[in-house]
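# Architecture and fold: a report
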Amino acid sequence: MLSLVLGTRPEIIKFSPVIRECERRDIPYFVLHTGQHYSYQMDRIFFEELELPEPEYNLDVGSGLHGEQTGKILAGAEKVLLQHRPDAVLVQGDTNTVLAGALAAAKLRIPVGHVEAGLRSFDRRMPEEINRIVADHIGDLMFAPTGTSAGYLRQEGIPEEKIFVTGNTVVDAVRENLEIGQRHRGILPGLEDLKRGHYILVTAHRAENVDERENLSGILKGLERLHHETGMPVVFPVHPRTEKMMRGFSLSAQGIRFMEPVGYLDFLRLESGARLILTDSGGVQEESCILGIPCVTLRENTERPETLDVGSNVLAGTDAGTIMERSRVMLGRVPGWENPYGDGQAGRRIVDILVEKGFTG
Ligand code: UD1
Ligand code: UDP
């Protein structure tokens, strides 16, 4: 039996192809939700839209300082894992849920599979970088999305027999859900006037960006200037962390369409119709690349170098002038790059490997 530990928006989305594959093949598994994300728009909406089964457990850990959140997940996950002793635990990505889920399993000597292993920003100030490194070094099966990520694992001395290049399950998720979104979703309220290829989509939530007044203010100024110069609507579904910090810093931006986070089907539609995407999200950098939409990343580095290599993405940081300059470059970029994240079969490949290793009895 497998246990899938998840807790945040991107983990639900990127695990959905693996969950669907387990369902299709009748593979015994259970989902342990940590409750790191809990607002309807960050959690439940994805289970509903993607028609995923209810998680068997929810630790309801909620928000908190890193140690507190990680510690609560560690203690809660340990109890559940002790009770069930699954054959393997899967974690996905780089959140505190991943760190604590992997650690709980490793200490119980339960094999850990890390989906999206081997990503590196080489910036240890990012909490996510610490989480990735720990999960990769205590895990047993490394599902690296690309040859680049597999290469980083090898450079760090991870044995070859642990490394599997599977593609990224985000491709599966985009393919499985884009069409459903286009067929079944109406126009979002307040966005009736958006024309395909004539608006800009934005997300930002990285702690190092939005928790620093100067960085958040730089991003917002850059967006205002971009709206002014291009005349295009700028649509910004706001992550709850960013909403809280904008309020705390009393920051706003003229002419920007701020809205609550949207579900995956609406977000995919918004992405696929955008002229340009600005983001500091990992998943959104990948999706823009897959969907053929130019992307400007509001960071100084990225653990998704494949997007820079194929030309779908550039780095801009948070300075308003640099955001403008890089946006102009990307507005002139003609899509047509290759998708480096695989063929949309990553979920199937991961489950095949788990079956072959005997973890799905
Ligand atoms: C977390 C991950 C980040 C990931 C992101 C995905 C860590 C260290 N960070 O960041 O890597 O990219 O999820 O979105 O694991 N909040 C709500 N409702 C929610 C969740 C959060 O209101 O459902 C608010 C709370 O005020 C909370 C803040 O957002 O304090 C931050 O939440 P947290 O889970 O700590 O980090 P994220 O910024 O969401
Ligand atoms: N996303 C969404 N609704 C939104 C914003 C993002 O469904 O309003 C999806 C997006 O398509 C991607 C994922 O959330 O699949 C990215 O999550 P996030 O940016 O929170 O985290 P990261 O990928 O940076 O860890």
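This structure is a prediction, so every number in the text was calculated from the model and none was measured.

## Description of the overall build of the protein
Broken down by element type, the protein carries 15 helices and 13 strands. The C-alpha radius of gyration computed for the protein amounts to 20 Å, which stays within 12% of the reference 21 Å derived for 361 residues, consistent with globular compactness. In terms of overall dimensions, the protein has a C-alpha envelope of 60 × 40 × 40 Å along the principal axes. Per-residue burial over the protein gives 61% buried out of 361 residues. A separation threshold of at least 6 residues defines the contact pool for the protein, and within that pool the share at least 24 residues apart is 68%. For the protein, the computed accessible surface area is about 14500 Å², with 50% contributed by carbon and sulfur atoms. Put simply, the protein has 40 plus and 52 minus side-chain charges, and the middle of one group is 2 Å from the middle of the other.

## Section: the site of ligand 2
The environment of ligand 2 is formed by 17 residues, the closest being V262, S281, G282, G283 and E287. Interatomic distance of 2.7 Å between a side-chain N/O atom of S281 and an oxygen atom of ligand 2. Between ligand 2 and the protein, one listed contact pairs an oxygen atom with a backbone N or O atom of G282 at 2.9 Å. Burial of ligand 2 by the surrounding chains reaches 96%, relative to a free accessible area of 540 Å². Listing elements by their share of the shell around ligand 2, those giving two or more residues are α1 (9-24), α11 (264-273) and α12 (282-291).

## Digging into the pairing of strand β8 (residues 200-203)
In β8, alternate side chains face the same way, and those of I200 and V202 on one face and L201 and T203 on the other are all buried. Pairing between β8 and strand β9 (residues 234-237): 2 bridges, direction parallel. By the bridge assignment for β9, I200 is matched with V234. Alignment of β8 against strand β11 (residues 276-279), held across 4 bridges, turns out to be parallel. Within β11, the residue paired with T203 across the bridge is T279.

## Focus on the sheet that holds strand β13 (residues 313-315)
Reading across the sheet, the 6 strands line up as β10-β9-β8-β11-β12-β13 and stay open at both edges, with parallel pairing between neighbours. This sheet does not close on itself; its edge strands, each paired only once, are β10 (256-259) and β13. Across the sheet, the mean angle from the axis of one strand to that of its neighbour is 20°, orientation sign disregarded. Sitting on the sheet, α12 touches β8, β11, β12 (295-297) and β13, and the angle it makes with β11 is about 165°.

## Some remarks on the pairing of strand β1 (residues 2-6)
Of all 5 residues in β1, 5 are buried; the element is thus mostly enclosed. A two-sided burial pattern is seen for β1, the buried positions comprising L2, L4 and L6 on one face and S3 and V5 on the other. Relative to strand β2 (residues 29-33), β1 is paired through 5 bridges, and the arrangement is parallel. Its bridge partner being in β2, V5 is matched across the sheet by L32. For the crossover from β1 across α1 to β2, the handedness is right-handed. The pairing of β1 with strand β4 (residues 88-92) spans 3 bridges and is classified as parallel. Within β4, the residue paired with S3 across the bridge is V89.

## Here we look at the packing of aromatic side chains
For the structure shown, the criterion picks out 4 aromatic pairs. Between F122 and Y152 the ring centres are 5.1 Å apart and the planes differ by 85°, which places this aromatic pair in the edge-to-face class. Highlighted residues: F122 in the loop between β5 (112-115) and α5 (127-138) and Y152 in helix α6 (residues 147-155), separated in sequence by 30 residues.

What counts as what
- What you see as residue numbers is a count from 1 along each chain, following the sequence as written.
- Chain A is the first chain written and ligand 1 is the first ligand written, with later ones labelled in order.
- For this predicted model, a pLDDT threshold of at least 70 governs which residues receive local features, and a threshold of 80 or more governs which side-chain atom pairs are given and counted, while totals over whole chains, interfaces and linings are taken from all residues.
- Side-chain numbers here rest on the full set of heavy atoms in the structure, without hydrogens or water.
- By the criteria applied, helices consist of DSSP H or I runs no shorter than four residues and strands consist of E runs no shorter than two, each listed in order from the N terminus.
- For the radius of gyration, the atoms used are the C-alpha atoms, and the globule rule reads 2.2 Å times the number of residues raised to 0.38.
- Exposure is judged per residue with a 1.4 Å probe applied to protein chains only, and the accessible area is read against the type maximum: over 50% gives exposed, under 20% gives buried, and values in between give partly exposed.
- Contact between two residues is taken to exist if any of their heavy atoms lie within 4.5 Å; hydrogens are not considered.
- Each accessible area is a Shrake-Rupley estimate made with a 1.4 Å probe; only the visible protein chains count as cover when residues are assessed.
- Asp and Glu are treated as the negative residues and Lys and Arg as the positive ones, with His and the ends of the chain left uncounted.
- One atom stands in for each charge, and that atom is NZ of Lys, CZ of Arg, CG of Asp or CD of Glu.
- Whether a residue is near a molecule or strand depends on its heavy atoms: if one lies within 4 Å, it is near.
- We call two N or O atoms a polar contact when they sit within 3.5 Å, provided that within protein one can donate a hydrogen and the other can accept it, with sequence-adjacent residues counted only if both atoms are side-chain atoms.
- A pair of strands is treated as paired once DSSP finds two or more bridges between them.
- Throughout, an axis means a line fitted to C-alpha atoms (over the contacting stretch in the case of helices), and angles, computed between N-to-C directions, take values from 0 to 180 degrees.
- Handedness of a crossover is defined as follows: with both strands directed away from the viewer, a clockwise route from the first strand across the helix to the second makes it right-handed.
- Think of it this way: a Phe, Tyr or Trp ring, Trp meaning its six-membered ring, pairs with another when their centres are within 6.5 Å, and the plane angle makes it stacked under 30 degrees, edge-to-face over 60, tilted otherwise.

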